[in-house]
Amino acid sequence: MNVINGNYVSVFSLLNLGNGIILAAGYYGGFVLRSTDYGVTWTEVQTIGVDSTNCLTNCDNGIVLMSHIGGGTVQVWKSIDYGLTWAQAAVLGTETSLYAISYLGAGVCLAGTGPAGKVYRSTDYAAAGD
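Throughout what follows, the structure given in this document is the object of discussion.

Reading the values: rules and limits
- Residues numbered from 1 in each chain as written.
- Predicted model: local features only at pLDDT ≥ 70, side-chain atom pairs only at ≥ 80, totals over all residues.
- Heavy atoms only, no water.
- Helix = DSSP H or I, 4+ residues; strand = E, 2+ residues; numbered from the N terminus.
- Buried < 20%, exposed > 50% of the residue type's maximum accessible area, 1.4 Å probe, protein only.
- Contact = heavy atoms within 4.5 Å.
- Areas by Shrake-Rupley, 256 points an atom, 1.4 Å probe, with all protein chains shown as cover.
- Polar contact = N/O pair within 3.5 Å; in protein donor to acceptor, adjacent residues only side chain to side chain.
- Disulfide = S-S within 2.5 Å.
- Pairing = 2+ DSSP bridges.

1. Let's talk about the overall build of the chain
So, step 1. The number of helices and strands found in the chain is zero helices and 13 strands.
So, step 2. Sorting the 130 residues of the chain into buried and exposed places 48% on the buried side.
So, step 3. For the chain, long-range pairs separated by at least 24 residues make up 28% of all intrachain contacts whose partners lie at least 6 apart in sequence.
So, step 4. Accessible surface, the chain as shown: approximately 6400 Å² in total, 53% of it carbon and sulfur.

As structure tokens, then:
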């Protein structure tokens, strides 16, 4: 059982980036943990705030996308340094859940949301949140 900032946490997503780098994201407080030794040790690299981070996808070349549900919005966060630092890239309309993010190649990403079941598409690694 892991504790971050005094709260018990649950890991919702694991992502292997290769070369021993693994990311873990989850609930409580929208955290991201990073390992550089194949999961032997972990460091908290990001805590976004309320609710959860629940999807991670590798876009290659150090670019990673992550979903965050918090404050009544669904956000996509992006790292360009293999998960070491993160910045908000997009807010996805009025949806309240993000269930999947997929990288298709050449900068094209899809995000599946709810409750309306919308699929958002970006052609620039979620830079513009289109």
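Once you've had a look at it, read on.
2. A short note on the environment of T47
So, step 1. In this structure, T47 sits in strand β6 (residues 43-47).
So, step 2. Taking the relative accessible area as the measure of exposure, T47 reaches 34% and is therefore partly exposed.
So, step 3. Considering only alpha carbons, one finds T47 and G30, 17 residues apart in sequence, at a separation of 5.4 Å.

3. With respect to the side chain of S79
So, step 1. The residue S79 is located in strand β9 (residues 73-79) in this model.
So, step 2. A polar contact of 2.8 Å, which involves the side chain of S79, links it to the side chain of D81.
So, step 3. Within the local environment of S79, its side chain forms a polar contact with the backbone nitrogen of G83, the two atoms lying 2.8 Å apart.

4. Re the state of the cysteines
So, step 1. Counted according to the given criterion, the structure contains zero disulfides.
So, step 2. As a non-bridged cysteine, C109 has C59 as the owner of its nearest cysteine sulfur, 4.1 Å distant.

5. Points about the pairing of strand β4 (residues 21-27)
So, step 1. Where burial is concerned, most of β4 is hidden: six out of the seven residues are buried.
So, step 2. Where strand β3 (residues 10-18) lies against β4, seven bridges are found, and the strand directions are antiparallel. Across the sheet, the residue bridging to V11 is G26, located in β4.
So, step 3. Hairpin connection between β3 and β4: a loop of two residues separates the two successive antiparallel strands, and N19 in this loop has a positive phi of roughly 55 degrees.
So, step 4. Relative to strand β5 (residues 31-35), β4 is paired through five bridges, and the arrangement is antiparallel. In the strand pairing of β5, A25 is matched with V32.

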